[in-house]
Amino acid sequence: MMQVDTQIETDQKTLRLRDAFRVLAWEVFETNPQIREDLNQRYTRFYSRWRQSKIRSMDLSQLTQLAAERGFSIEQLLTIRECYYSIAQPYPDTFAHD
């Protein structure tokens, strides 16, 4: 049972880390001043490139190595991802009445 739990944790961390790289890539792509398309067109172009990325098939050790090569810690990448999603979420209803 312990091995299954460890594998699930590893799989979840891999998915979060892979998604952190996607978020980071999108942030760079999305803020490129040379791209003057609407948001849907930009994301469509980005996603077609992302689907071909080697990152999508990397395991945890490969992602960890890539992070180190790019000068990031795992914690930094996961924080970037967390911040991205916290900004992307709508405000809770408690703020709607202010």
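(A) Fine view of the overall build of the protein. When its secondary structure is counted, the protein shows five helices and zero strands. Secondary structure elements in the protein, listed N-terminal to C-terminal, are α-α-α-α-α. When each of the 98 residues of the protein is scored for burial, the buried share is 22%. Sequence-distant contacts, at least 24 apart, represent 63% of the contacts inside the protein between residues at least 6 apart. Accessible surface for the protein amounts to roughly 7,600 Å². Of this, 53% is attributable to carbon and sulfur atoms.

(B) Inspection of the environment of Ile74 at higher detail. With respect to the helices and strands, Ile74 occurs in helix H4 (residues 74-88). On the basis of relative accessibility, which here comes to 12%, the residue Ile74 falls in the buried class. As for Ile74 and Lys13, which are separated by 61 residues in sequence, their C-alpha atoms are 9.7 Å apart.

(C) Focus on the nonpolar core. Leu17, Phe21, Ile55, Leu63 and Leu77 are the most contacted members of the largest nonpolar core, which has 15 residues in total. When contributions to this core are tallied by element, the ones reaching two or more residues are helix H1 (2-30), helix H2 (39-50), helix H3 (60-69) and H4. Considering each element in turn, this core owes the most residues, five residues, to H1. Apart from the residues within four sequence positions on either side, Leu63 is in contact with Thr14, Leu17, Arg18, Phe21, Ile55 and Met58.

Calculation criteria
- Residues numbered from 1 in each chain as written.
- Predicted model: local features only at pLDDT ≥ 70, side-chain atom pairs only at ≥ 80, totals over all residues.
- Heavy atoms only, no water.
- Helix = DSSP H or I, 4+ residues; strand = E, 2+ residues; numbered from the N terminus.
- Buried < 20%, exposed > 50% of the residue type's maximum accessible area, 1.4 Å probe, protein only.
- Contact = heavy atoms within 4.5 Å.
- Areas by Shrake-Rupley, 256 points an atom, 1.4 Å probe, with all protein chains shown as cover.
- Core = buried A, V, L, I, M, F, W, Y, C linked by side-chain atoms within 4.5 Å.

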